Amino acid sequence: MEQSVKPVSSLPLNPHIAALPPYNAGMNIAMARTLSGRHDIARLASNENPDGCSPAVMAALASSSFEPWRYADPACAALRAALGEKLAVDPDLIVAGNGSEEMIAAISRAVLVPGVSVVTTVPSFGLHEIEPLAAGANVVKIPMTAEMGFDLAALEEAIAAGPRLVFISSPWNPVGPGLDGPSLQRLIDAVRPGTLFALDEAYFEFADPGAPDGIQVLRGSGIDHVVLRTFSKAYGLAGLRVGYAVCSGLELARVIAAAKTPFNVNAAAQTAAIAALADESWMEASAARVRAERLRTGAALAGLGFRVAQSQTNFLFFDCKGDSSSLAAGLLKQGIIVKAWRETGYEHYLRVTIGLPADNDRLIAALQELVAR
Ligand SMILES: Cc1ncc(COP(=O)(O)O)c(C=O)c1O
């Protein structure tokens, strides 16, 4: 049957939403199988945990106390209590989200109105720009330095100019480094009243021992702030969607909670996150394995002649000195999914997630072959 498609709609759409850049979510395994003709896909593009998740999570989801037919607690009281205990934070300062991405959206809804400014980095985690743009804010993006690090002086200046909101990820997605204690302090010192400082620590657990703990550092800072963490990375629960925001004050936490949907964290996610927190040793052992593989894989990529950024995460970001899309396409033919960076000016960078040792070996061998051509 022929369908008539109206070329232009007369419906007035929200112009901020209609103009949003797409979020680059990466390729799924089924698509990679179709495109590569291979079954054995190594997905090294989404910064998932190669070790999976704690067996305690699977046991909790299989137990009779998990009741998926009931609405989950909209306040996530048990999860927030467990987090409060682990972090030594008042649970009322914690808001749980459907992934930390929902908290990025909720923070933006809570504090932004059209026309205010937001400071972030470039390259950046896409939602640090997309959610402010959705709220009609202007986004100021501070580029990484030539050495692939944070440009502290430029960030200080932009933060001191008094934006409504600052989104910094540390450790930094997609580049990799983390702010050390003095660097974090410099940025905190630049924050003026009227600015909310949002520190996104999605990769916190992968950082080397001695890295600053943003929750502890910011607690004593006196500035309005939020620290974001997630169960998607080191705890291996990406598919269940649970993350959280630790806020500097009760009123801020109340308004961020008001900006989320009521039953945002589903029952499986709450059950799994509580079980994962009760098995921290699994997470710590997994993060240690990732750190060791990060070191080994990073050294191998540098040995192939790539300029690799310092990393405190479960991924590596490197300059492939040409269009990274063609290198990514070459890897895909061999069944390896990676992320060719698409932000303007950064199209020659590739981000690869640390996988299991065999996946990393496969990546190194494939890159070796591709650079030799
Ligand atoms: C810096 C950063 N923040 C937040 C997120 C969102 O994670 P999730 O919504 O799975 O918690 C990601 C995911 O990749 C990320 O890299």
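Residues numbered from 1 in each chain as written. Predicted model: local features only at pLDDT ≥ 70, side-chain atom pairs only at ≥ 80, totals over all residues. Heavy atoms only, no water.

Peer 1: Before we go on, may I ask you to explain the nonpolar core in this structure?
Peer 2: Across soluble globular proteins, nonpolar side chains have a tendency to be buried as a group. Core analysis: the largest hydrophobic core is formed by 84 residues, its most contacted members being Leu 79, Phe 197, Phe 231, Leu 331 and Leu 350. The element contributing the most residues to this core is helix 11 (residues 267–277), with six residues. Two domains each put at least three residues into this core: domain 1 (22–52 + 281–372) and domain 2 (55–278). Beyond its immediate stretch of four places on either side in the chain, Phe 197 contacts Ile 159, Val 166, Ile 168, Leu 184, Leu 187, Ile 188, Val 191, Leu 218, Ile 223, Asp 224, His 225 and Val 226. (Core = buried A, V, L, I, M, F, W, Y, C linked by side-chain atoms within 4.5 Å. Buried < 20%, exposed > 50% of the residue type's maximum accessible area, 1.4 Å probe, protein only. Helix = DSSP H or I, 4+ residues; strand = E, 2+ residues; numbered from the N terminus. Domains from an automatic or database assignment. Contact = heavy atoms within 4.5 Å.)

Peer 1: What am I meant to see in the sheet that holds strand 9 (residues 307–308) here?
Peer 2: Backbone-to-backbone hydrogen bonds pair the strands of a sheet. The strands run either parallel or antiparallel. A sheet is described by the order of its strands in space; here four strands give the open sequence 9-10-13-12, paired in antiparallel fashion. In the strand order of this sheet, the two ends are held by strand 9 and strand 12 (339–340), each with one partner. In this structure, strand 10 (residues 315–319) lies alongside strand 13 (residues 349–353), joined through five bridges in antiparallel fashion. Along strand 13, the bridge assignment pairs Phe 318 with Leu 350. (Pairing = 2+ DSSP bridges.)

Peer 1: It is not clear to me how the pairing of strand 2 (residues 94–97) should be interpreted in this structure. Could you clarify?
Peer 2: A regular strand carries its side chains on alternate faces of the sheet. On strand 2, burial covers both faces: Ile 94 and Ala 96 on one face and Val 95 and Gly 97 on the other are all buried. The pairing of strand 2 with strand 8 (residues 243–247) spans four bridges and is antiparallel. In the strand pairing of strand 8, Ala 96 is matched with Tyr 244.

Peer 1: Would you mind showing me how to read the packing of aromatic side chains here?
Peer 2: Two aromatic rings, taken as a pair, are described by how far apart their centres are and by the angle between their planes. This model, assessed by the stated rule, comprises 10 aromatic pairs. Judged by centre distance (4.9 Å) and plane angle (5 degrees), the ring pair of Phe 317 and Tyr 349 falls under stacked. Residue Phe 317 is found in strand 10, and its partner Tyr 349 is found in strand 13; the two are separated by 32 residues along the sequence. Exposure class is identical for Phe 317 and Tyr 349. Each is buried. The ring of Phe 204 is capped by Arg 229, whose NZ or CZ atom sits 3.7 Å from the centre of that ring. (Phe/Tyr/Trp six-rings, centres within 6.5 Å; stacked < 30°, edge-to-face > 60°. Lys NZ or Arg CZ within 6 Å of the ring centre and 35° of its normal.)

Peer 1: Got a minute to help me understand the environment of Lys 321 in this structure?
Peer 2: Of note, Lys 321 is situated in the loop between strand 10 and helix 13 (324–333). With 72 residues separating them in the primary sequence, Lys 321 and Gly 249 have C-alpha atoms 46 Å apart. Sequence-distant contacts of Lys 321, that is, excluding residues within four places in its chain, are made with Gly 305 and His 348.

Peer 1: Teacher, can you tell me more about the pattern of salt bridges here?
Peer 2: Opposite charge on two side chains makes pairing possible when the charged atoms of those side chains draw close. Counted by the stated rule, this structure contains 19 salt bridges. Between Lys 141 and Glu 129 there is a salt bridge, and its shortest N-O distance comes to 3.2 Å. One end of the pair, Lys 141, is in strand 4 (residues 138–143); the other, Glu 129, is in helix 6 (residues 126–134), with 12 residues separating them in the sequence. For the salt bridge of Glu 251 with Arg 254, the shortest nitrogen-to-oxygen distance reads 3.0 Å. With a gap of three residues between them, Glu 251 and Arg 254 both fall in helix 10 (residues 250–258), about one helical turn apart. One continuous salt-bridge network, built from bridges that share partners, spans Arg 38, Asp 40 and Arg 362. (Salt bridge = Lys/Arg side-chain N within 4 Å of Asp/Glu carboxyl O.)

Peer 1: Can you help me understand unusual backbone geometry in this one?
Peer 2: Peptide bonds are mostly trans, and most non-glycine residues show a negative phi. For the bond from Val 122 to Pro 123, the omega torsion is 0 degrees, close enough to zero to count as cis. Mapped onto the elements of the fold, Pro 123 is located in the loop between strand 3 (117–122) and helix 6. Positive phi is not limited to glycine here, since Met 148 has a value of about 60 degrees. As for its position among the elements, Met 148 is in the loop between strand 4 and helix 7 (152–160).

Peer 1: Hey, could you run me through the packing of helix 13 against helix 14 (residues 357–372) in this one?
Peer 2: Packed helices, taken two at a time, are described by the angle between their axes plus the distance between the axes. Where helix 13 meets helix 14, the axes come as close as 10 Å, and the angle between the chain directions of the two elements is 120 degrees. Relative to helix 14, the element helix 13 lies oblique. In this structure, the crossing between helix 13 and helix 14 has a hand that is right-handed. The segment helix 13 lies against helix 14, with Leu 327, Gly 330 and Leu 331 engaging Leu 363, Ala 366, Leu 367 and Leu 370. (Axes fitted to C-alpha atoms, helices over the stretch in contact; angles between N-to-C directions. Parallel < 35°, antiparallel > 145°, perpendicular 65-115°, else oblique. Left-handed = near helix turned anticlockwise from the far one by under 90°.)

Peer 1: Could you clarify how one ought to interpret the layout of surface pockets in this entry?
Peer 2: Its volume calculated, the largest pocket comes out at about 840 Å³. In terms of lining residues, the largest pocket is bounded by 36 residues, among which Tyr 23, Asn 24, Ala 25, Phe 125 and Lys 339 are the most central. Those elements that provide at least two residues to the lining of the largest pocket are helix 5 (100–111) and helix 6. A per-class count over the lining of the largest pocket returns 12 nonpolar, 12 polar and 12 charged. When its volume is computed, the second largest pocket comes out at roughly 190 Å³. Lining the second largest pocket are 13 residues; nearest its centre among them are Met 27, Ala 328, Leu 332, Ile 337 and Val 338. (1 Å grid on protein atoms, 1.4 Å probe; cavity = no way out; pocket = protein on both sides within 12 Å on 5 of 7 lines; lining within 4 Å. Points joined across faces, edges and corners; volume = space filled by probe spheres on them. Nonpolar A, V, L, I, M, F, W, Y, C, P; charged D, E, K, R; others polar.)

Peer 1: I tried to follow the site of the ligand on my own but got confused; where do I start?
Peer 2: Lining the immediate surroundings of the ligand are 14 residues, of which Ser 100, Asn 173, Asp 200, Thr 230 and Ser 232 lie closest. At 2.6 Å, a side-chain N or O of Asn 173 approaches an oxygen atom of the ligand. Here an oxygen atom of the ligand sits 2.7 Å away from a polar atom, N or O, in the side chain of Tyr 203. Computed on the free molecule, the ligand has an accessible area of 390 Å², of which 93% lies beneath the protein chains in the complex. In a pocket analysis with a 2 Å cut-off to the grid points, the ligand is assigned to the largest pocket. (Near = heavy atom within 4 Å. Polar contact = N/O pair within 3.5 Å; in protein donor to acceptor, adjacent residues only side chain to side chain. Areas by Shrake-Rupley, 256 points an atom, 1.4 Å probe, with all protein chains shown as cover. Sits in = over half its atoms within 2 Å of the grid points.)

Peer 1: Whenever I open this one, the domain arrangement of the protein confuses me. Can you help?
Peer 2: Accessible area lost upon the coming together of the parts is a frequently used measure of interface size. Segmenting the protein into domains produces domain 1 (22–52 + 281–372) and domain 2 (55–278). When each unit is reduced to the centre of its C-alpha atoms, the spacing between domain 1 and domain 2 is 25 Å. A buried area of about 2500 Å², summed over both sides, lies between domain 1 and domain 2, and 59% of it is on carbon and sulfur atoms. For the domain 1 face of the interface with domain 2, the top three residues by lost area are Tyr 23, Met 283 and Gln 312, together amounting to 25%. Between Arg 294 and Asp 208 there is a salt bridge, with its nearest N and O atoms 2.9 Å apart. For the pair domain 1 and domain 2, the interface holds 14 residue pairs in polar contact (both at pLDDT 80 or more). Sorting the residues of the side of domain 1 that touches domain 2 by element identifies helix 12 (280–303), strand 9, strand 10 and strand 13 as the ones contributing at least two each. A per-element tally of the side of domain 1 that touches domain 2 places helix 12 first, with six residues. Residues of the side of domain 1 that touches domain 2, tallied by class, amount to 13 nonpolar, nine polar and six charged. (Buried area = accessible area lost by both parts, 1.4 Å probe.)

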